Amino acid sequence: MVFLISYVTPIPKKPHPLYFSDFRPICGTSEILKTLERYIKEQLMLHLKANNFLPEEQFGFRAGHSTTKQMVLFNEHITRSTEKKMTTDVIYMDVEKAFDQPKFEEMQKELIEAKIDGNLLNLIMFLLVHRVFLVKVNGKNSNETTADSGAGQGSVLGPILFIIFFSKLSKLLKNINGIIHFKFADDLKLLYSYFINDFDSTIMQKAIATVSDWCESKSMKVAPTKTFHVQFGPSNSNAKYSVNNIQIERKEVVRDLGFYIKNDCSINDHLDIIISNANRKYHSIFKKIIIKDEKILTKIFNIYIRPIYEYGSPLFNLPKKTIIKQLENGQKTFTRTMFRRNNPRITVIPTYGERLKLYEMTSLHQRRTVADIIMAYDFLVSNPNPNIDLRYVPLSSRSGGYYWSNHFAKGKFNSLHFSTRLSSILTNLNIKLHDYQSTKQLRNHLSTIDLTDEKIQKYSD
């Protein structure tokens with residue numbers, strides 16, 4: 001059937017590629033197939049939710065389980081442990097070609113374990129087994145071929161089928177006392193927190209071996225050269241781990257789901273990178289664009305530049321004036337440049353606040369604070385998660401209650417710890433998140449409040 005044919009386009013991973021491994025295969029599938037798979041996916045997700053099948057550690061390709069949400073939970077665990085003077089070893093594991101390796105019969109077993117059977121199971125397996133591939137280069141196609149493994153690159157169903165398959169690993173890791181893990185699609189990190197005097201290397205090593213053995217049993221393999229160890233808190237030089245008899249490299253900074261994480265919990269490296277990336281893209285785009293239309297220019301900024309500053313902002317929206325100024329400079333420069341381009345004869349440029357009103361824009365700091373509160377709403381109302389430290393304490397008094405963090409971080413960890421920071425903001429706002437029926441209703445209310453007011457947030461230099 002024509003709609004089951006997938007066209008694979010090799011995209012170079014680096015300049016001047018020489019080997020097959022230097023290319024990333026991008027798979028394009030039929031829109032007819034995608035439409036069918038969207039319907040199957042919708043029914044599949046309802047089934048998985050009703051049966052509570054997917055583990056809470058699995059993020060990605062699920063509503064309410066974003067990269068940012070995972071990183072907030074990860075960051076809270078790290079700040080809690082570090083403030084208690086505990087060491088946390090984090091192992092970032094990379095599984096080679098994870099989406100391509102699972103055998104069809106193994107995937108079918110996991111689907112059956114997820115209580116997927118009958119016509120739905122038969123249809124899913126039919127779409128998997130009867131896929132046909134061909135490679136397209138410079139307008140020419142290779143011969144068609146079939147596959148005997150893989151979750152279906154480029155398909156709508158592929159990611160969901162993979163996380164069902166990958167869920168078995170969470171059950172195994174949960175049986176190891178002292179180990180916490182987080183997954184995003186095929187990205188996996190293992191956490192082991194301990195006091196130096198209680199250190200036991202066999203705990204983490206057992207978890208690593210469990211992952212490696214399970215992968216091998218499923219025709220997959222952990223890549224030792226892409227697996228890293230980051231240590232937070234008090235240093236422990238005795239914490240050395242290996243995978244496949246190769247010692248895991250220790251790093252101070254690692255890129256984790258788009259965030260640059262440093263072992264001293266500082267965010268400076270991440271801020272420097274996103275500001276640099278935003279500035280580079282800003283100058284690249286606006287040097288080439290000569291139009292003056294304010295609405296078009298603003299739309300270009302909002303689509304291509306602003307998301308760089310805002311991705312995952314609940315992790316770095318610290319109430320420090322120096323950081324706020326750093327992150328705001330990009331939009332300040334844009335509005336100033338746009339005003340000058342449209343008003344070359346006016347020598348007195350309006351203030352930044354006046355320009356925001358003129359162009360009907362909102363400060364990035366205000367937007368980040370809204371994102372913080374929406375994230376809190378997601379944790380407590382939309383998709384409740386018991387692992388977040390943030391809590392609401394109801395009272396019978398006129399105030400109605402207040403927000404509380406199970407762990408109140410102090411010192412430099414105070415603003416790094418999401419729940420500590422948000423418990424203060426939400427209490428000062430005197431709003432009850434549970435009173436809002438939707439994020440849209442909450443956003444509408446927040447749009448009427450100046451969230452940057454010092455009565456709401458306590459700033460430091």
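The preceding data block contains the structure.
How each quantity is defined
Residues numbered from 1 in each chain as written. Predicted model: local features only at pLDDT ≥ 70, side-chain atom pairs only at ≥ 80, totals over all residues. Heavy atoms only, no water. Helix = DSSP H or I, 4+ residues; strand = E, 2+ residues; numbered from the N terminus. Rg over C-alpha atoms; globule rule 2.2 N^0.38 Å. Buried < 20%, exposed > 50% of the residue type's maximum accessible area, 1.4 Å probe, protein only. Contact = heavy atoms within 4.5 Å. Areas by Shrake-Rupley, 256 points an atom, 1.4 Å probe, with all protein chains shown as cover. Lys, Arg positive; Asp, Glu negative; His and termini not counted. Charge placed at Lys NZ, Arg CZ, Asp CG, Glu CD. Salt bridge = Lys/Arg side-chain N within 4 Å of Asp/Glu carboxyl O. Pairing = 2+ DSSP bridges. Axes fitted to C-alpha atoms, helices over the stretch in contact; angles between N-to-C directions. Arc of directions from axis to C-beta. Core = buried A, V, L, I, M, F, W, Y, C linked by side-chain atoms within 4.5 Å. Polar contact = N/O pair within 3.5 Å; in protein donor to acceptor, adjacent residues only side chain to side chain.

(A) Focus on the overall build of the protein. Regarding its fold elements, the protein presents 14 helices and 17 strands. Relative to a compact globule of 461 residues, whose C-alpha radius of gyration would be 23 Å, the protein shows 25 Å and is just as compact. Its C-alpha atoms put the protein at 65 × 60 × 45 Å along the principal axes. Residues counted as buried form 48% of the 461 residues belonging to the protein. Put simply, of all contacts in the protein between residues at least 6 apart along the chain, 67% involve residues at least 24 apart. Just so you have it, the protein exposes about 23800 Å², and 52% of that area is on carbon and sulfur atoms. In the protein, which carries 63 positive and 45 negative side-chain charges, the distance between the mean positions of the two groups comes to 6 Å.

(B) A look at unusual backbone geometry. The residue Ser 219 is not glycine, and still its phi comes out positive at about 65°. Relative to the helices and strands, Ser 219 resides in the loop between α6 (201-217) and β10 (228-232). Ser 219 sits in the partly exposed class, given a relative accessible area of 36%.

(C) Quick look at the pattern of salt bridges. For the coordinates displayed, the defined rule picks out 13 salt bridges. Here Glu 57 and Lys 174 are joined by a salt bridge, their closest N and O atoms 3.5 Å apart. Of the two residues, Glu 57 is situated in the loop between α1 (31-50) and β3 (58-59) and Lys 174 in the loop between α5 (158-173) and β8 (179-184); the sequence distance between them amounts to 117 residues. Lys 69 is the salt-bridge partner of Asp 378, the closest N and O atoms lying 3.4 Å from each other. Highlighted residues: Asp 378 in helix α11 (residues 364-382) and Lys 69 in helix α2 (residues 67-83), separated in sequence by 309 residues. Pair check on accessibility: Asp 378 and Lys 69 agree, each one buried. Residues joined in a network through salt bridges with shared partners are Glu 113, Lys 168 and Lys 171.

(D) Quick peek at the environment of Ser 415. Counting through the fold element by element, Ser 415 comes out in helix α12 (residues 413-416). Overall, the relative accessible area of 7% leaves Ser 415 in the buried class. Spatially, the C-alpha atom of Ser 415 lies 38 Å from that of Lys 13, the residues being 402 residues apart in sequence. Not counting residues up to four positions away in its chain, the partners in contact with Ser 415 are Leu 318, Pro 319, Lys 320 and Arg 421.

(E) Looking closely at the sheet that holds β3. Taken in spatial order, the six strands line up as β3-β8-β9-β4-β10-β13 in an open sheet, and their pairing is mixed. Taken across any chain shown, the strands that pair with only one partner, and hence form the sheet edges, are β3 and β13 (249-250). Inspection of the sheet shows β3 paired to β8 by two bridges, in the parallel sense. Looking at the pairing, Gln 58 lines up with Lys 183 of β8. Of the strands in this sheet, β4 (87-93), β8 and β9 (187-194) are in contact with α6, which crosses β9 at around 165°.

(F) View of helix α3 (residues 104-113). Every buried residue belonging to α3 is among Phe 104, Glu 106, Met 107, Glu 110 and Leu 111, and all of these are buried. Take α3 and look down its axis: the buried residues cluster within an arc of 160°, on one side only. Residues of α3 that are buried make contact with α4 (118-129), α5 and α6. Of the residues trailing α3, Lys 115 is marked for its positive phi of about 65°.

(G) Structural context of the nonpolar core. Counting residues in each nonpolar core, the largest one holds 124 residues, and the members touching the most others are Phe 74, Ile 164, Leu 190, Ile 373 and Leu 433. Apart from the residues within four sequence positions on either side, Ile 373 is in contact with Leu 422, Ile 425, Leu 426, Leu 429, Leu 433, Leu 442, Leu 446 and Leu 451.

(H) Representation of the side chain of Asp 89 in the model. Within the secondary structure, Asp 89 sits in strand β4. Buried within the structure, Asp 89 lacks any salt-bridge partner; Arg 250 is the closest side chain of opposite charge, at an N-O distance of 5.3 Å. Side chain to side chain, Asp 89 and Tyr 194 meet in a polar contact 2.8 Å long. A distance of 2.8 Å separates the side chain of Asp 89 from the side chain of Gln 231, its partner in a polar contact. Excluding residues within four positions of it along the chain, Asp 89 makes contact with Leu 190, Leu 191, Tyr 192, Tyr 194, Phe 199, Met 204, His 229, Val 230, Gln 231, Ala 239 and Tyr 241.

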